Amino acid sequence: MRRIYRGVWQYFKSNKKLCALVILLVAEVIVYSIINIEASDWYEGYVAEARNVYPNDFALIFVENTKTSLLTVAVGIVPFFLGCIMAVTQTVFGLAASFKYLMIEVPLTKIIVCIAPHGVFEITAMVLAVCISVILCKDLMKAVHGFAMHRENLFRGLGLAVVATVRAWLLVCAPLLLAGAVVEVTVSTWIANVIMF
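Residues numbered from 1 in each chain as written. Predicted model: local features only at pLDDT ≥ 70, side-chain atom pairs only at ≥ 80, totals over all residues. Heavy atoms only, no water.

**Q** Help me out: how do you make sense of the pattern of salt bridges in this one?
**A** Side-chain pairing between opposite charges can occur once the charged atoms of the two side chains come close. Counted under the stated rule, the structure contains 2 salt bridges. Ionic pairing is found between Glu 64 and Lys 67, a salt bridge with its closest N-O pair at 3.2 Å. Here Lys 67 and Glu 64 lie together in helix H4 (residues 57–74), a separation of 3 residues that amounts to about one turn. The class for Glu 64 is buried, based on a relative accessible area of 13%. (Salt bridge = Lys/Arg side-chain N within 4 Å of Asp/Glu carboxyl O. Helix = DSSP H or I, 4+ residues; strand = E, 2+ residues; numbered from the N terminus. Buried < 20%, exposed > 50% of the residue type's maximum accessible area, 1.4 Å probe, protein only.)

Written out as structure tokens, the structure reads:
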């Protein structure tokens, strides 16, 4: 597992232009969302619909975060990192909409205090999902390039990329999402009840 973390870190450390592009896009989406989005109707409808589907808060949180994480990883199949950029912008858009909705009734400091315990796990999992997605995109482009230029075995390269991606997600993101859901249902809920009431 340490090798996977190091591989992700080394890739982003050596690609500073890609990191700068992602940071600029995230900043742009945050600013746009804060200025233009009408979050209350969207967020209330989404939460009401989700609560009708899942039996309890743990299932709701874990399944929704897992779907978001898996979708973020899956868009790595889109060439030239376009899917990864789209996933980052959509995730940030959703976070900004949630924050804007919550800030109508609750000060930002209280929101941060309530989110911090589980946010450590969930935000880390989402950032690592983006990293895994970028590495998947890089590996798939490398496999296609190897096939086109050197007639290497395309399916072997694609298979190795997919197996490495699934393994990385199961060993890195899934435990973080599980821990985040447990902390959100227990610790964060307790903190929210103490602070708000």
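Now that the structure has been shown, the text picks up again.
**Q** Whenever I open this one, the nonpolar core confuses me. Can you help?
**A** Inside soluble globular proteins, nonpolar side chains tend to come together where they are buried. By size, the foremost hydrophobic cluster in this structure holds 13 residues, and its most contacted members are Val 73, Leu 128, Ile 132, Trp 169, Cys 173 and Leu 177. Elements represented by at least two residues in this core include exactly helix H6 (108–150) and helix H7 (154–196). Looking at this core, the element that brings in the most residues is H7, giving 7 residues. Among residues more than four places away in sequence, those in contact with Leu 177 are Phe 62, Asn 65, Thr 66, Ser 69, Ala 125, Met 126 and Trp 169. (Core = buried A, V, L, I, M, F, W, Y, C linked by side-chain atoms within 4.5 Å. Contact = heavy atoms within 4.5 Å.)

**Q** Teacher, can you tell me more about H4 here?
**A** Taking 1.5 Å as the rise per residue, H4 with 18 residues should run 26 Å; its terminal C-alpha atoms sit 25 Å apart, in good agreement. You can read the cap of H4 off the contacts: a side-chain oxygen lies 3.3 Å from the backbone nitrogen of Phe 58, and it is on Asn 56. (Expected span 1.5 Å × (residues − 1). Polar contact = N/O pair within 3.5 Å; in protein donor to acceptor, adjacent residues only side chain to side chain.)

**Q** Looking at this model, I keep getting lost on the packing of aromatic side chains. Mind explaining?
**A** A ring pair, where both rings are aromatic, is described by two values, the distance of the centres and the angle of the planes. Overall, the coordinates contain 1 aromatic pair when judged by the stated rule. Considering the side-chain rings of Phe 58 and Phe 62, the 6.0 Å spacing of their centres and the 0 degrees angle between planes classify their relative orientation as stacked. Here Phe 58 and its partner Phe 62 are both found in helix H4, 4 residues apart, which amounts to about one turn of the helix. On the basis of relative accessible area, Phe 58 is assigned to the partly exposed category, the value being 30%. (Phe/Tyr/Trp six-rings, centres within 6.5 Å; stacked < 30°, edge-to-face > 60°.)

**Q** Explain the side chain of Thr 165 to me, please; I cannot follow it from the model alone.
**A** Within the element layout of this structure, Thr 165 appears in helix H7. Separated by 2.8 Å, the side chain of Thr 165 and the backbone oxygen of Ala 161 make a polar contact. What Thr 165 contacts, discounting residues up to four positions off in sequence, is Val 73, Ile 132 and Leu 136.

**Q** What's the story with the side chain of Ser 188 in this structure? I'm lost.
**A** For Ser 188, the location among the structural elements is in helix H7. Other than its neighbours up to four places away in sequence, Ser 188 contacts Cys 114, Pro 117, His 118 and Val 183.

**Q** Teacher, can you tell me more about a nonpolar patch on the surface here?
**A** On the surface, Phe 58, Leu 178, Val 182 and Val 185 cluster together into a nonpolar patch covering about 280 Å² of accessible area. Among the elements that take part in the nonpolar patch, H7 stands out by supplying 3 residues, more than any other. (Patch = residues over 30% accessible without salt bridge, like charges linked within 9 Å, V, L, I, M, F, W, Y side chains within 5 Å. Areas by Shrake-Rupley, 256 points an atom, 1.4 Å probe, with all protein chains shown as cover.)

Remember that the coordinates give geometry; whether it matters functionally is a separate question.
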